[in-house]
Amino acid sequence: MSDISESYRRKSSNFGAMEAAVFGSEDLGVPIDKARYVVIDSELTGLDDKKDSIVSLGAIRMAGTRILLGETFDRLISPEAKLTGSSVVIHGITPGEVAEEPSIEEVLPEFLSFCGDDIMVGYMPAIDLTFLNREAKRLYGVSVKNPILDVFALDKWRRQRIGEDSSGHPSLYDIAKSLDVPVKGAHNAIADAFITAQVLQRLLPALIDLGIKSVGELLAVSNPAKGGDKFRFSFKFGNF
């Protein structure tokens, strides 16, 4: 076990509740435009959390509404499960591209170290966390401890408050287009993390205008469990 992974294991196991491990109650009062976020995305070999594997991890850091383009994480991973034709069509990652890439055992400590204590952000991140937690538990015996924000839930709450139609289940790209975020390039983890970061960048000022001032209030209106059924909508713009 590397020093990083051992450090993470000790840090996580020294605390009880999920948020308490890395996120104290004092952090809940931080203004949402001053908080630190790490926007994440993963690509998978499929959606079976018993059989499939992570094949790519992407992340980009934000300081309030600023996207820190110099602080990104982008790794391909040699998966334990085989890449299928259907997954290759989605993310374009071929078996040949990942054959010589490191395993999740090597990449996960780097990824968790990069994320640090920041608030994790994703589009329906329950899918990403299912796989990340499976690997974190297998390797270290603990789950990811960071607080989680779901831009799907945030956008839905915003639309409800301003009287817009909040029915349906827009994809990340649908939400991005509605907020004038450019959607272009290949579907991959770092590209989707960047699009998600731009969505959050647009949402934060709008949420402040609607009365969401603190991190605690932001977390209260974003709950991955309410952001959509775990796998129900993922086939449209899935992680594999």
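The model shown is predicted, which means the values in this text are computed figures rather than measured ones.

So, on to the overall build of the chain. When helices and strands are counted, the chain shows 10 helices and 5 strands. Considering the chain as a whole, with its 240 residues, one finds that 51% of them fall into the buried category. Accessible surface for the chain amounts to roughly 10,700 Å². Of this, 52% is attributable to carbon and sulfur atoms.

Right, let's talk about the pairing of strand β3 (residues 66-76) for a bit. The pairing of strand β2 (residues 54-63) with β3 spans 8 bridges and is antiparallel. Bridging from a neighbouring strand, A63 pairs with R66 of β3. Following β2, the chain reverses through 2 residues before pairing antiparallel with β3; G64 in that reversal takes a positive phi of roughly 60°.

Applying the stated criterion across every chain yields a total of 11 salt bridges. In this structure, E135 engages R138 in a salt bridge whose closest nitrogen and oxygen atoms are separated by 2.6 Å. Placement of the pair is E135 and R138 together in helix α6 (residues 126-140), with a separation of 3 residues, close to one helical turn. We classify R138 as partly exposed; its relative accessible area is 43%. Close ionic contact of D155 with R158 constitutes a salt bridge, the shortest N to O distance being 2.9 Å. Placement of the pair is D155 and R158 together in helix α7 (residues 151-161), with a separation of 3 residues, close to one helical turn. Its relative accessible area of 1% is what places D155 among the buried residues. According to the relative accessible area criterion, R158 is buried, its value standing at 10%. Connected through shared salt-bridge partners, E80, E105, R134, E135 and R138 make up one network.

This part covers the confidence of the model for the chain. When pLDDT is averaged along the chain, the result is 83, and 81% of the positions lie at 70 or above. When mean pLDDT is compared element by element in the chain, β3 scores highest at 97, while helix α2 (residues 18-22) scores lowest at 44. Taken as a whole, residues 11-21 scores under 50 in pLDDT and shows 16 contacts with residues more than four places along the chain or in a different chain. Every residue in residues 227-238 scores below 50 in pLDDT, and together they form 24 contacts with partners more than four places removed in sequence or on other chains.

With that out of the way, let us pick up helix α5 (residues 104-115). The terminal C-alpha atoms of α5, which comprises 12 residues, lie 16 Å apart, in line with the 16 Å expected from a rise of 1.5 Å per residue. What α5 keeps buried is the set I104, V107, L108, P109, F111, L112, F114 and C115. Phi turns positive one or two residues past the end of α5, at G116, with a value near 55°.

This next bit is on the side chain of S214. Structurally, S214 can be placed in the loop between α9 (189-209) and α10 (215-221). Note on S214: relative accessible area 15%, which makes it buried.

Now for unusual backbone geometry. A positive phi angle is found at M124, which is not glycine, with a value near 45°. Within the element layout of this structure, M124 appears in the loop between β4 (119-122) and α6. Phi is positive for D180, close to 60°, though the residue is something other than glycine. Inspection of the secondary structure puts D180 in the loop between α8 (172-178) and α9.

Secondary-structure assignment places Q201 in helix α9. Using a relative accessible area of 25% as the deciding quantity, one classes Q201 as partly exposed. Linking Q201 and I67, residues 134 residues apart in sequence, is a C-alpha distance of 7.7 Å. Excluding residues that lie within four positions of it along the chain, Q201 makes contacts with M62, T65 and I67.

What follows is about α6. Its 15 residues place the ends of α6 20 Å apart at the C-alpha level, agreeing with the 21 Å of an ideal helix rising 1.5 Å per residue. Those residues of α6 that fall on the buried side of the exposure criterion are I127, D128, L129, T130, F131, L132, N133, E135, A136 and Y140. Note on α6: the residue one or two positions beyond its end, G141, has a positive phi of about 80°.

Let's shift gears to the sheet that holds strand β5 (residues 148-150). Across the sheet, 5 strands lie side by side as β3-β2-β1-β4-β5; this open sheet has mixed pairing. A strand with exactly one partner marks an edge of an open sheet, and here the two such strands are β3 and β5. Averaged over all adjacent pairs, the angle separating strand axes in this sheet is 25°, with direction ignored. Pairing of strand β1 (residues 36-44) with β4 involves 3 bridges; the strand directions are parallel. Within β4, the position partnered with V39 by the bridge is V121. Seen against the sheet, α6 touches β1, β2, β4 and β5 and runs at an angle of roughly 85° to β1.

The rules behind each value
Residues numbered from 1 in each chain as written. Predicted model: local features only at pLDDT ≥ 70, side-chain atom pairs only at ≥ 80, totals over all residues. Heavy atoms only, no water. Helix = DSSP H or I, 4+ residues; strand = E, 2+ residues; numbered from the N terminus. Buried < 20%, exposed > 50% of the residue type's maximum accessible area, 1.4 Å probe, protein only. Areas by Shrake-Rupley, 256 points an atom, 1.4 Å probe, with all protein chains shown as cover. Pairing = 2+ DSSP bridges. Salt bridge = Lys/Arg side-chain N within 4 Å of Asp/Glu carboxyl O. pLDDT = per-residue confidence, 0-100. Contact = heavy atoms within 4.5 Å. Expected span 1.5 Å × (residues − 1). Axes fitted to C-alpha atoms, helices over the stretch in contact; angles between N-to-C directions.

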